[in-house]
Amino acid sequence: ASQFDQLADIQIGVAGDDYSAAQSLSSFATLVMAIIAGLSVCVLAYALYVVLRGVMFPLNRMETAMRRLAEGETSTPVPYVGRRDEIGRMADAVEVFRENAQKINELTSGAAERRRSETMSPIMFSMIFFISTGELLLVFNESIRRPNSA
């Protein structure tokens with residue numbers, strides 16, 4: 001064999017070794033990328049859970065509370081009052097609206113009651129006057145009849 005054949009055999013051997021090393025490196029890289037993709041999916045799932053649990057569900061409950069308040073139902077407590085994040089600040093603001101709506105309802109019902117009592121007062125006075133006058137007339141009538149019947 002010539003020197004060129006020996007050199008070609010050496011190069012073929014080196015190329016085969018390089019190919020084996022490249023294949024094992026490729027397999028390792030594929031495994032590492034699969035692990036990173038799996039971890040990424042886990043992190044994404046956890047982030048989605050945190051967002052849903054910490055933001056979306058509270059916002060839905062706040063929306064329900066605000067709708068009830070808008071319908072005039074002021075007895076339902078506002079959820080998440082006192083929480084120390086954006087949801088809590090929003091809940092605190094809605095609680096202020098709820099308390100003010102309760103005060104307005106109390107004042108409005110008190111004003112309506114006062115108006116009713118103010119309009120009833122002259123009516124009641126008239127009724128009492130007529131009842132008293134009627135009783136007075138009855139007593140007067142009785143006293144007039146007694147002397148005649150005696």
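Before any of the text, the structure's been laid out above.
The structure presented is a predicted model; accordingly, all values stated were derived computationally and were not measured.

Draft legend 1. Region of interest: helix 1 (residues 3-70). Compared with an ideal rise of 1.5 Å per residue, which puts 68 residues at 100 Å, helix 1 spans 96 Å between its outermost C-alpha atoms and is within 8% of the ideal. The largest bend in helix 1 comes to about 35°, at Leu-52. Residue Gly-72 follows helix 1 closely and has a positive phi angle near 100°.

Draft legend 2. Structural view of the nonpolar core. Counting 5 residues, the largest nonpolar core consists of Met-62, Leu-69, Val-78, Ala-91 and Val-94. Contributions of two or more residues to this core are made by helix 1 and helix 2 (86-149). Setting aside residues up to four positions removed in sequence, Ala-91 forms contacts with Met-62, Val-78, Pro-79, Tyr-80 and Val-81.

Draft legend 3. Broad picture of unusual backbone geometry. With phi around 70°, Tyr-80 is a residue other than glycine that occupies positive phi space. Position of Tyr-80 among the secondary structure elements: in the loop between helix 1 and helix 2. Note on Tyr-80: relative accessible area 23%, which makes it partly exposed.

Draft legend 4. Representation of a nonpolar patch on the surface in the model. Residues Leu-48, Val-51, Leu-52, Val-55, Met-56, Phe-57 and Leu-59 make up a contiguous nonpolar surface patch of about 570 Å² in total accessible area. Along the chain, Met-56 turns up in helix 1.

Draft legend 5. Molecular detail of the packing of aromatic side chains. Counted according to the given criterion, the structure contains 1 aromatic pair. An angle of 35° between the planes, with centres 6.5 Å apart, marks the rings of Tyr-46 and Tyr-49 as tilted. Note that Tyr-46 and Tyr-49 are positioned in helix 1 at a spacing of 3 residues, about one turn of the helix. Exposure remark for Tyr-46: the relative accessible area of 57% places this residue in the exposed category.

Draft legend 6. Quick peek at empty space enclosed by the protein. Scanning the model with the defined rule gives 1 cavity of 30 Å³ or more in all. Considered as a void within the structure, the largest cavity measures approximately 40 Å³ in volume. Taken together, Ala-65, Arg-68, Leu-69, Glu-73, Thr-76, Pro-77, Val-78 and Arg-98 make up the lining of the largest cavity. Tallying contributions element by element places helix 1 first for the lining of the largest cavity, with 3 residues. Considering only residue class, the lining of the largest cavity consists of 4 nonpolar, 1 polar and 3 charged.

Each value, and the rule that gives it
Residues numbered from 1 in each chain as written. Predicted model: local features only at pLDDT ≥ 70, side-chain atom pairs only at ≥ 80, totals over all residues. Heavy atoms only, no water. Helix = DSSP H or I, 4+ residues; strand = E, 2+ residues; numbered from the N terminus. Expected span 1.5 Å × (residues − 1). Bend = angle between axes of the 7 residues up to and from the residue. Core = buried A, V, L, I, M, F, W, Y, C linked by side-chain atoms within 4.5 Å. Buried < 20%, exposed > 50% of the residue type's maximum accessible area, 1.4 Å probe, protein only. Contact = heavy atoms within 4.5 Å. Patch = residues over 30% accessible without salt bridge, like charges linked within 9 Å, V, L, I, M, F, W, Y side chains within 5 Å. Areas by Shrake-Rupley, 256 points an atom, 1.4 Å probe, with all protein chains shown as cover. Salt bridge = Lys/Arg side-chain N within 4 Å of Asp/Glu carboxyl O. Phe/Tyr/Trp six-rings, centres within 6.5 Å; stacked < 30°, edge-to-face > 60°. 1 Å grid on protein atoms, 1.4 Å probe; cavity = no way out; pocket = protein on both sides within 12 Å on 5 of 7 lines; lining within 4 Å. Points joined across faces, edges and corners; volume = space filled by probe spheres on them. Nonpolar A, V, L, I, M, F, W, Y, C, P; charged D, E, K, R; others polar.

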